[in-house]
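# Coordinate analysis (summary)
Below, each chain spelled out in residue letters.
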2 protein chains.
Amino acid sequence: MGFDRLIEAIAEKKNPTVAGLDPKLDYVPEYIRKQSFEKYGFTLEGAADALLTFNKGLIDALCDIVPAVKPQCAYYEMYGWQGVRALYETISYAKSKGLFVITDGKRNDIGSTMEAYAAAHLGKVSVGEKTYAPFDSDALTVNGYLGTDGVAPLLPICREQDKGIFVLVKTSNPSSGELQDKILDGNTVYRTMGAMCEKWGEDTRGKYGYSAVGAVVGATYPQQLGELRNALPHTFFLVPGYGAQGGGAKDVAPAFDKAGRGAVINSSRGIMCAYKKGDYAETDYAKAAREEAIRMRDEISSVL
Amino acid sequence: MGFDRLIEAIAEKKNPTVAGLDPKLDYVPEYIRKQSFEKYGFTLEGAADALLTFNKGLIDALCDIVPAVKPQCAYYEMYGWQGVRALYETISYAKSKGLFVITDGKRNDIGSTMEAYAAAHLGKVSVGEKTYAPFDSDALTVNGYLGTDGVAPLLPICREQDKGIFVLVKTSNPSSGELQDKILDGNTVYRTMGAMCEKWGEDTRGKYGYSAVGAVVGATYPQQLGELRNALPHTFFLVPGYGAQGGGAKDVAPAFDKAGRGAVINSSRGIMCAYKKGDYAETDYAKAAREEAIRMRDEISSVL
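The present account deals with the structure reproduced in this document. (Residues numbered from 1 in each chain as written. Chains lettered and ligands numbered in written order. Predicted model: local features only at pLDDT ≥ 70, side-chain atom pairs only at ≥ 80, totals over all residues. Heavy atoms only, no water.)

So, about the overall build of chain A. Along chain A, the regular secondary structure elements total 14 helices and twelve strands. For a compact globule of 304 residues, the expected C-alpha radius of gyration is about 19 Å, and chain A comes in at 19 Å, within 12% of that figure. Projected onto its principal axes, the C-alpha coordinates of chain A cover approximately 60 × 55 × 35 Å. A total of 304 residues make up chain A; the buried ones form 63% of that total. In chain A, of all internal contacts separated by at least 6 residues, the share reaching a separation of at least 24 is 72%. A total of about 10400 Å² of accessible surface is found on chain A, and carbon and sulfur atoms cover 48% of it. (Helix = DSSP H or I, 4+ residues; strand = E, 2+ residues; numbered from the N terminus. Rg over C-alpha atoms; globule rule 2.2 N^0.38 Å. Buried < 20%, exposed > 50% of the residue type's maximum accessible area, 1.4 Å probe, protein only. Contact = heavy atoms within 4.5 Å. Areas by Shrake-Rupley, 256 points an atom, 1.4 Å probe, with all protein chains shown as cover.)

As structure tokens, this is what we get:
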């Protein structure tokens, strides 16, 4: 309950990072693409096979270093239902290697539609006499613009099946302030959204004090990260924007509480494309990813 | 450009409504489910086949009455990648029958991730020497919480490939006011979001004055619907909340401009589940849907 599983995985690996699996076809080494295209032709199935092969190599190389992975739905949907099948297979493979999986879908809707997303990504569905867990992730990112009606349908699954959600609060992009920094009723939009996360999570707190309703707070706004860490003592943070987007270890330090808990830091391109920097052969992409993950772990540990 | 195709389809059919295709398995008549389960067993594939068969029946019965359909992604993802394949096949079948397709995914992200969603749902992707349109919808619903970085990546596709987006402005659910009605810098969040739509759409206006950046504005808040219609003269509205959610013809009337244009009204359950009301056999579900669509068309026409 309340991200306890993730918190314990972080403690075990002494590493509060999550590796983003956002596999654009351009990121996939050519020798993998070639193999997949030889098998399936220049098809969406071929592209999906290349993504999956790439991901499996990354997962094998990272699974004893990082506690979690975060596949981003967009990069799978981009290759049609065949890509979405690769998402399913990626999640399933990562879980088989003991990783905590956060599906980055930023899903949002209301009532029975949001229940459908909850069932899809975190829960189960009935088909006649059988029951399936369609994507079966451990956590899902969610956009809270629709208010409580958009978040409440996820809470029973969080409670009953020990799953979590991360609500967008302060995102890492340059224009995030257009709406999120505006002052409403004497408070910013992102603070209001943060306060809603605390409230939504009230009944789902685990043994470390954090609820199952986490928040996405970007590494690119370290001041707001610290401010929110203080204001939201029961809200676990997923922090994007480290590395490629410009955030460094010092920028993410304010995301953690005094016990060094309370946040997981995402790196996607930095890890996935590590082989494109430095002196690596394409075939060493997994080794390069592992070395970058170790470097990132040590860098973040040094500021905690 | 700028929803011209949708506006002309509405004029041709004298019907400003869009039929929501949100096929929960419970909505599918038992005889269809039975057929699919006999073919594929109690599997996700069986569920997906039932959804698709149901949808095709609806599309056949509706395609000369309604100008557009709106499949809701959640109900397809709920049945795994097999369900997402049924989404693809539904879109493809609807387009083959001349319908304008709005994918209701409320997608949101930034930069290259949003570009990936744009390519997935509206655009094209390259795989080696080939090019594919993975889902190839005509329009996509989008959540604008991330600001311009989340919307800008969609605009080139809207311009170059004559597609559209609908940004959530004022949603139809009871708790939508928690954030959307709050006052920021002297204005409500939903008005601020509406003003951003006008700005985002500036370069994509078509011959009827509407841009390719539309807005989702719920039928359940008729006063705000009228207020936004006046404030956003170039923003086409997608209006959910008619029927099952409580909005009636009088409630949606303020969504239209003086020429009777400017909005499309969604009904999902009202049309899909029409056979469950009244004196219909299960096998007449498509006939019931058609009759409800005609009733709705006439009801809305009467207030325009």
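The partner chain B presents 70 residues to the 70 residues of chain A that form the contact. Carbon and sulfur atoms supply 60% of the area buried between chain A and chain B, which totals about 5800 Å² over both sides. Together, Phe-42, Trp-81 and Tyr-145 of chain A form the three largest contributors to the area buried by chain A at its contact with chain B, with a combined 15%. Linking chain A with chain B are four salt bridges, by the criterion used here. One salt bridge in this structure joins Lys-106 of chain B and Asp-109 of chain A, with 2.7 Å as the shortest N-O distance. Run the count over chain A and chain B and you get 34 residue pairs in polar contact (both at pLDDT 80 or more). It is helix α6 (residues 111-121) of chain A that provides the largest number of residues to the side of chain A that touches chain B, a total of seven residues. Along the lines of polarity and charge, the residues of the side of chain A that touches chain B split into 36 nonpolar, 21 polar and 13 charged. (Buried area = accessible area lost by both parts, 1.4 Å probe. Salt bridge = Lys/Arg side-chain N within 4 Å of Asp/Glu carboxyl O. Polar contact = N/O pair within 3.5 Å; in protein donor to acceptor, adjacent residues only side chain to side chain. Nonpolar A, V, L, I, M, F, W, Y, C, P; charged D, E, K, R; others polar.)

Okay, the sheet that holds strand β1 (residues 17-21) of chain B next. Residue and element names in this part refer to chain B. Pairing is parallel around the closed barrel formed by eight strands, whose spatial order is β1-β2-β3-β6-β7-β10-β11-β12. Geometrically, the sheet is characterised by an average inter-axis angle of 30 degrees between neighbouring strands, direction not taken into account. Contacting β2 (68-71), β3 (100-107), β7 (164-170) and β12 (263-267), helix α1 (residues 4-13) crosses the sheet at an angle of about 70 degrees to β12. (Pairing = 2+ DSSP bridges. Axes fitted to C-alpha atoms, helices over the stretch in contact; angles between N-to-C directions.)

Here we come to the packing of aromatic side chains. Given two aromatic rings, their pairing is described by the distance between the two centres and the angle made by the two planes. In the structure shown here, the tally under the stated rule is 15 aromatic pairs over all chains. Where Trp-81 of chain A meets Trp-81 of chain B, the ring centres are 5.8 Å apart and the plane angle is 15 degrees; that geometry is what we call stacked. Residue Trp-81 of chain A is located in helix α5 (residues 80-96), and its partner Trp-81 of chain B is located in helix α5 (residues 80-96); the two belong to separate chains. With a relative accessible area of 15%, Trp-81 of chain A lands in the buried category. Each member of the aromatic cluster is reached from another via a ring pair, and the members are Phe-3, Phe-100, Phe-166, Tyr-210 and Phe-236 of chain A. Its guanidinium or amino end placed over the ring of Tyr-93 of chain A, Lys-56 of chain A lies 5.3 Å from that ring's centre, counting from NZ or CZ. (Phe/Tyr/Trp six-rings, centres within 6.5 Å; stacked < 30°, edge-to-face > 60°. Lys NZ or Arg CZ within 6 Å of the ring centre and 35° of its normal.)

Note on the identical chains: chain A maps onto chain B by a rotation of 180 degrees and an axial translation of 0.0 Å, with an RMSD of 0.0 Å. Accordingly, the operation relating the two chain copies is best matched by a two-fold axis. Residues of chain A ranked by C-alpha distance from the rotation axis are headed by Leu-184 of chain A, positioned 2.0 Å from it. A share of 100% of the interface residues of chain A reappears at the interface of chain B, consistent with the copies meeting face to face through the same patch. (Least-squares fit on C-alpha atoms with pLDDT ≥ 70 in both.)

Positive phi is not limited to glycine here, since Phe-3 of chain A has a value of about 65 degrees. Here Phe-3 of chain A shows up in the segment before α1 (4-13).

Turning next to the pattern of salt bridges. Enumeration over the complete set of coordinates arrives at 36 salt bridges over all chains. A salt bridge links Asp-162 of chain B to Arg-5 of chain B; the nearest nitrogen and oxygen atoms lie 3.0 Å apart. In this pair, Asp-162 of chain B is assigned in the loop between α8 (155-161) and β7 and Arg-5 of chain B in helix α1, connecting sequence segments 157 residues apart. We classify Asp-162 of chain B as partly exposed; its relative accessible area is 25%. Across the pair Arg-290 of chain B and Asp-64 of chain B runs a salt bridge, and its minimum N-O distance is 2.6 Å. Of the two residues, Arg-290 of chain B is situated in helix α14 (residues 285-303) and Asp-64 of chain B in the loop between α3 (44-62) and β2; the sequence distance between them amounts to 226 residues. One continuous salt-bridge network, built from bridges that share partners, spans Lys-70, Asp-104 and Lys-106 of chain A together with Asp-109 of chain B.

Empty space among the atoms becomes apparent when a probe as large as a water molecule is rolled across them. Here the structure, examined in full by the defined rule, presents three cavities of 30 Å³ or more. Of the volumes computed, that of the largest cavity is approximately 80 Å³. Lining the largest cavity are 13 residues, with Glu-77, Val-84 and Arg-107 of chain A together with Glu-77 and Val-84 of chain B positioned closest to its centre. If you list the elements that add at least two residues to the lining of the largest cavity, you get α5 of chain A together with α5 of chain B. Of the residues assigned to the lining of the largest cavity, the class counts are seven nonpolar, two polar and four charged. For the second largest cavity, the calculated volume is near 50 Å³. Taken together, Met-1, Gly-2, Phe-3, Asp-4, Arg-5, Leu-6, Phe-100, Asp-138, Asp-162, Lys-163 and Gly-164 of chain A form the lining of the second largest cavity. (1 Å grid on protein atoms, 1.4 Å probe; cavity = no way out; pocket = protein on both sides within 12 Å on 5 of 7 lines; lining within 4 Å. Points joined across faces, edges and corners; volume = space filled by probe spheres on them.)

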